[in-house]
Amino acid sequence: MVARSASDGLVKSAANYVPLSPVQFLERSALIWPDKIAVRHGALAYTYREFEARCRRLASALAVRGIGRGDTVAVMAPNVPALLEAHYAVPALGAILNALNYRLDARTIAFCLAHGEAKALITDAEFAPTVRSALGELREEIFVVDIDDPEGPRSEALGSVRYETLLAEGDPGFAWPGPEDEWDSLSLLYTSGTTGNPKGVVYHHRGAYLNALANALAFGLTPDSVYLWTLPMFHCNGWTYTWAVTAAGGTHVCLRRIDPAQVFTAIRNHRVTHLCGAPVVLNVLVHAPAEAKIRFEHVVEVATGGAAPPSAVIEAMETMGFRVTHLYGLTESYGPATLCAPQESWHELALSDRARQMARQGVPMPALAQLIVADPETHVPVPRDGTTLGEVMLRGNTIMKGYLRNEAATTAAFRAGWFHTGDLAVWHPDHYMEIKDRAKDIIISCGENISSLEVEECLYRHPQVMEAAVVARPDPKWGESPCAFVTLKPGGDGATAEELIAWCREHLAHFKAPRAIIFGPLPKTSTGKIQKFVLRERATKL
Ligand code: ADP
């Protein structure tokens, strides 16, 4: 590496230039806090010394099996230590971690394994039926490892070795090679693929390092932090918290599934200080049965994103003693790209007004270089007037390398030197942006744009509404009209469609009020997004 800069003649060398990699966070924390608990899982607790040794064992055992630089290792698991360990062991070999969305069906899992050219798969017994049939569809045989989690179900082994046996074979002092270059790929994540085959988003070491530090900073992680894994680690590598918590020297508390009783118990027993989740996860906590809601005396920080959090949900969480941070981002931006940075003056506001400020998606994360809200064709930024709609575009080191083996999609996403998010927003005079809709979700009624999020925000403020989603329904007169799907609060007084429509007409411009309201549970993805495409289909058939 010789790069002499023309102006001063100084040279880049091993002394002043090292590839950034999040693996370094583990090495450092294990040096400083060897006896501190790094990972908890049920009755298990690993110190940082043990956590590092387990990661080194895994890396060395994989290396013995022929896994090396540029190879893909897939993991199909809930939030268990094995998946966290893979976040260090695999990139430390220069290999690529493919954390799979365990809710996907066998055909899609087979697609991901084949498209990502996975050489190995580490899999949890819970998903054995799906994985068995996915493996059956593959043309090439891959090395399969079975996780034997004491907290999980038992099943017959699919692979040739159990995870703990593999670790026992490994070398706890293994000197892993690390990446050669910070641009080397470290992670592959498939988008949900609601239309056609999923796209494989590729991250590099540099971006993961930077976004992990930015998240640690934005969310206030310290060595005293205890982070509860309520966000799936397969979702943008847990929004890079898989590395951020380790960077801070905090404790990871694993959790196989989101059960409000377990969440509140973990908060109390482990004195959890931080957790993340989609707004629907927050809503599950808000509406948990009274006996599950164990009181806690300390402040618990909650970061939410992945979908727009209605201000009513933020308000209810704050009332319960949580402090909410609102994040926005995409798989393509390593999870969080913006946050709604709180301003001191907001503390003087009434909670409902403050929650409305916080429901905005905000300003760039510390590691994002630039954000604009702009015309999608001309790329001219919209005025900061809080009303003109434009597309959110991002640029910087925490944007994916591209989509694996999909040049057309990569070129389209990166046109004109910006990453196009496909999200429509307004830009406020204080530089905070506010998402109004995904481009494909906006409702166009008689030539006027209706933000589905604005109508949902209004419905969530109705005292009987627990969840709401608004989609476009074809309308012979208006082109499209808003159609709302609503779940009412259990044990409440209920509400009729007419009452909810009247409520919206009272609080919104009349043309934005839904013309139809359908009651019932809402379909959701594994990352806690309401599946609007399913609702759109239902609305069309009404
Ligand atoms: P998928 O594309 O599979 O849904 P992503 O996590 O990449 O998975 O989804 C990113 C999208 O989620 C964004 O483009 C945006 O539409 C939505 N989103 C994420 N965070 C927020 C937020 N805080 N507010 C509104 N929408 C959000």
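Residues numbered from 1 in each chain as written. Predicted model: local features only at pLDDT ≥ 70, side-chain atom pairs only at ≥ 80, totals over all residues. Heavy atoms only, no water.

1. Considering the pattern of salt bridges
Threshold: The working definition used for a salt bridge is a side-chain nitrogen of Lys or Arg within 4 Å of a carboxyl oxygen of Asp or Glu. Only DSSP runs of H or I covering at least 4 residues are called helices, and only runs of E covering at least 2 are called strands; the numbering of each starts at the N terminus. Think of it in three bands: with a 1.4 Å probe and only protein chains considered, a residue is buried below 20% of the maximum accessible area for its type, exposed above 50%, and partly exposed in between.
Across all of its chains, the model carries 26 salt bridges by this definition. A salt bridge links Asp71 to Lys119, with the shortest nitrogen-to-oxygen separation between them at 2.7 Å. One end of the pair, Asp71, is in the loop between α2 (48-64) and β3 (72-76); the other, Lys119, is in strand β5 (residues 118-124), and 48 residues separate them in sequence. Owing to a relative accessible area of 12%, Asp71 belongs among the buried residues under this scheme. In this structure, Arg295 and Glu297 form a salt bridge, with 3.8 Å as the shortest nitrogen-oxygen distance. The exposure class assigned to Arg295 is exposed, which follows from its relative accessible area of 68%. For Glu297, a relative accessible area of 70% puts it in the exposed group. Sharing partners across several salt bridges, the network here consists of Asp124, Glu126, Asp149, Arg256 and Arg257.

2. As for the packing of aromatic side chains
Put simply, the rule is: A pair of aromatic rings is counted whenever rings of Phe, Tyr or Trp (Trp by its six-membered ring) have centres within 6.5 Å, and the orientation is called stacked for planes under 30 degrees apart, edge-to-face for over 60 and tilted otherwise. Only when the NZ of Lys or the CZ of Arg is both within 6 Å of the ring centre and within 35 degrees of the ring normal is a charge said to sit over the ring.
Tallying each qualifying case throughout the model produces 14 aromatic pairs. Taking the centre distance of 6.3 Å and the plane angle of 80° together, the rings of Phe111 and Tyr190 count as edge-to-face. Separated by 79 residues along the polypeptide, Phe111 in helix α4 (residues 106-115) and Tyr190 in strand β8 (residues 185-190) bring together distant segments of the chain. Between Arg56 and the ring centre of Trp176, over which it is positioned, the NZ or CZ distance is 4.1 Å. Of note, Arg384 hangs over the ring of Trp427, and the distance from its end group to the ring centre comes to 4.0 Å.

3. A closer look at the site of the ligand
Our working rule: Each residue is tested against the molecule or strand, and it is near if at least one of its non-hydrogen atoms lies within 4 Å. Polar contact is defined as a pair of N or O atoms within 3.5 Å, subject to the rule that within protein one atom must be able to donate a hydrogen and the other to accept it, and that residues adjacent in sequence are counted only when both atoms are side-chain atoms. Per-residue and other accessible areas follow the Shrake-Rupley method at a 1.4 Å probe size, with only the shown protein chains counted as cover for residues. Residues are grouped as follows: Ala, Val, Leu, Ile, Met, Phe, Trp, Tyr, Cys and Pro are nonpolar; Asp, Glu, Lys and Arg are charged; all remaining types, including Gly, are polar.
As a matter of local geometry, the ligand sits amid 16 residues, with Ser192, His326, Thr331, Asp423 and Arg438 nearest to it. Here Gly306 contributes a backbone N or O atom positioned 2.9 Å from a nitrogen atom of the ligand. One of the backbone N or O atoms of Leu327 is found 2.9 Å from a nitrogen atom in the ligand. About the coverage of the ligand: the protein hides 90% of its 570 Å² of free accessible area. Looking at the shell around the ligand, the element that brings in the most residues is strand β14 (residues 322-330), giving 5 residues. Considered class by class, the residues forming the shell around the ligand number 5 nonpolar, 8 polar and 3 charged.

4. Focus on α4
What counts, and what does not: The contact criterion used is simple: two residues touch if any of their non-hydrogen atoms lie within 4.5 Å.
Extensive coverage of α4 is indicated by the burial of 8 of its 10 residues. Where α4 is buried, its residues contact β3, β4 (96-99), β5, α5 (128-137) and β8. One side-chain oxygen of the residue at the start of α4 lies 3.2 Å from the amide nitrogen of Arg107, identifying that residue as Asp105. Glu117 lies just past α4 and shows a positive phi near 55°.

5. Re the sheet that holds strand β20 (residues 419-427)
Short version of the rule: Strands pair, by our definition, only if DSSP identifies at least two bridges between them. Each axis is a line fitted through C-alpha atoms, taken for helices only over the stretch in contact, and angles between the N-to-C directions span 0 to 180 degrees.
Pairing is antiparallel across the open sheet formed by 4 strands, whose spatial order is β17-β18-β20-β21. Of all strands in the sheet, those bounded by a partner on one side alone are β17 (370-374) and β21 (433-438). Across the sheet, the axes of successive neighbouring strands diverge by a mean angle of 45°, strand direction being ignored. Relative to β21, β20 runs antiparallel, the two being bridged by 5 bridges. The residue bridging Asp423 from the neighbouring strand is Arg438, located in β21.

6. A short note on the pairing of strand β18 (residues 390-395)
The buried fraction of β18 amounts to 5 of the 6 residues, a majority that puts the element mostly inside the structure. Direction of pairing for β17 relative to β18: antiparallel, over a ladder of 5 bridges. Bridging from a neighbouring strand, Ala374 pairs with Glu391 of β18. One ladder, built from 4 bridges, connects β18 with β20; its direction is antiparallel. Among the inter-strand pairings, Glu391 is bridged to a residue of β20, identified as Leu424.

7. Points about the domain arrangement of the protein chain
Just so we agree on the cut-off: Note that domain bounds follow an automatic or database assignment of domains. The term buried area means the drop in 1.4 Å probe accessible area that two parts suffer when joined, counted for both and summed.
Each assigned domain of the protein chain is listed here: domain 1 (23-206), domain 2 (258-438) and domain 3 (443-540). Taking the mean C-alpha position of each, domain 1 and domain 2 sit 28 Å from one another. Facing the 18 residues of domain 1 at the interface are 15 residues of domain 2. A buried area of about 1,400 Å², summed over both sides, lies between domain 1 and domain 2, and 58% of it is on carbon and sulfur atoms. When residues of domain 1 are sorted by the area they lose upon contact with domain 2, Lys199, Val202 and Tyr203 head the list and together hold 34% of the total. Between the two partners, domain 1 and domain 2, sit 1 salt bridge. Counting across the interface, domain 1 meets domain 2 through 9 residue pairs in polar contact (both at pLDDT 80 or more). It is strand β9 (residues 200-204) that provides the largest number of residues to the side of domain 1 that touches domain 2, a total of 5 residues. Here the side of domain 1 that touches domain 2 is composed, by residue class, of 7 nonpolar, 6 polar and 5 charged.

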